[in-house]
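As a plain string of letters, each chain reads:
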Amino acid sequence: MSEQNYKNHRKFYPPHHFIYLPILIILEIFGIYKIWDNPENQLTWILFSIVIFLLFYLAFMTRQHYALGLQNRMVMLEFKQRYFEIFGQRSDEVADQLKFSQIAALRFAYDEEFKELLNRALKENISGDEIKRSIKNWRADHQRV
């Protein structure tokens, strides 16, 4: 696997992102085009376009909702476990002071940078994106959803 860093850490699921969703988008464009191109069947094409839009919306939101919900829970558990391993104490108070985006960004830092960036996040309230940009030695996460 290639080395992971800020520029390449996003992940795509090709059948969903590059086949299914583009087909739905093309069908939606086709349906909207036919609404104006075929006035005698306009109601049929309006209904077609609505159904395609709803399929697109449902596919996008369901996939996002379940995957991200589960991933967020796991990232939070990982943070709590890692905090305990590094500092030898519970992380409840610290976790309550951080936004989820900050906690999620901290998982890409190795332990020494984790400590430093955690302190910055608590004192300076730097964003998750700023935490990611500040990481010098990127700790890859190849098991993300």
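The structure we're discussing is the one just above.
Residues numbered from 1 in each chain as written. Predicted model: local features only at pLDDT ≥ 70, side-chain atom pairs only at ≥ 80, totals over all residues. Heavy atoms only, no water.

Peer 1: Which residues make up the overall build of the protein chain, and what values do they have?
Peer 2: For the protein chain, the helix and strand inventory stands at 6 helices and 0 strands. Listing every helix and strand of the protein chain by position from the N terminus yields α-α-α-α-α-α. Rg of the C-alpha trace for the protein chain: 22 Å, well past the compact-globule value of 15 Å for 145 residues, more than 25% over. Among the 145 residues that make up the protein chain, the fraction classed as buried is 32%. Considering only contacts within the protein chain whose residues lie at least 6 apart along the sequence, 65% involve residues at least 24 apart. A total of about 10,200 Å² of accessible surface is found on the protein chain, and carbon and sulfur atoms cover 60% of it. (Helix = DSSP H or I, 4+ residues; strand = E, 2+ residues; numbered from the N terminus. Rg over C-alpha atoms; globule rule 2.2 N^0.38 Å. Buried < 20%, exposed > 50% of the residue type's maximum accessible area, 1.4 Å probe, protein only. Contact = heavy atoms within 4.5 Å. Areas by Shrake-Rupley, 256 points an atom, 1.4 Å probe, with all protein chains shown as cover.)

Peer 1: So what's going on with unusual backbone geometry? Which residues, and what values?
Peer 2: The phi torsion at asparagine 125 lies on the positive side, around 55 degrees, for a residue other than glycine. Along the chain, asparagine 125 falls in the loop between helix H5 (111-124) and helix H6 (128-134). Residue class for asparagine 125 comes out partly exposed when judged on its relative accessible area of 44%.

Peer 1: How would you explain the packing of helix H1 (residues 14-37) against helix H2 (residues 42-87) if you had to name every residue and give the values?
Peer 2: It is at 8 Å that the axes of H1 and H2 come closest, and there the two elements cross at 160 degrees. Here H1 lies roughly antiparallel to H2, going by the angle between them. Every pair of crossing elements has a handedness; the one defined by H1 and H2 is left-handed. (Axes fitted to C-alpha atoms, helices over the stretch in contact; angles between N-to-C directions. Parallel < 35°, antiparallel > 145°, perpendicular 65-115°, else oblique. Left-handed = near helix turned anticlockwise from the far one by under 90°.)

Peer 1: Now, about the packing of aromatic side chains: what can you tell me, with residues and values included?
Peer 2: Tallied over the full model, the rule gives 8 aromatic pairs. Ring centres of tryptophan 45 and phenylalanine 48 lie 5.2 Å apart, and the angle between their planes is 75 degrees; this geometry places the pair in the edge-to-face category. Pair noted here: tryptophan 45 and phenylalanine 48 are both in helix H2, with a separation of 3 residues, about one helical turn. With relative accessibility at 16%, the residue tryptophan 45 sits in the buried group. (Phe/Tyr/Trp six-rings, centres within 6.5 Å; stacked < 30°, edge-to-face > 60°.)

Just geometry here; none of it tells us what the structure is for.
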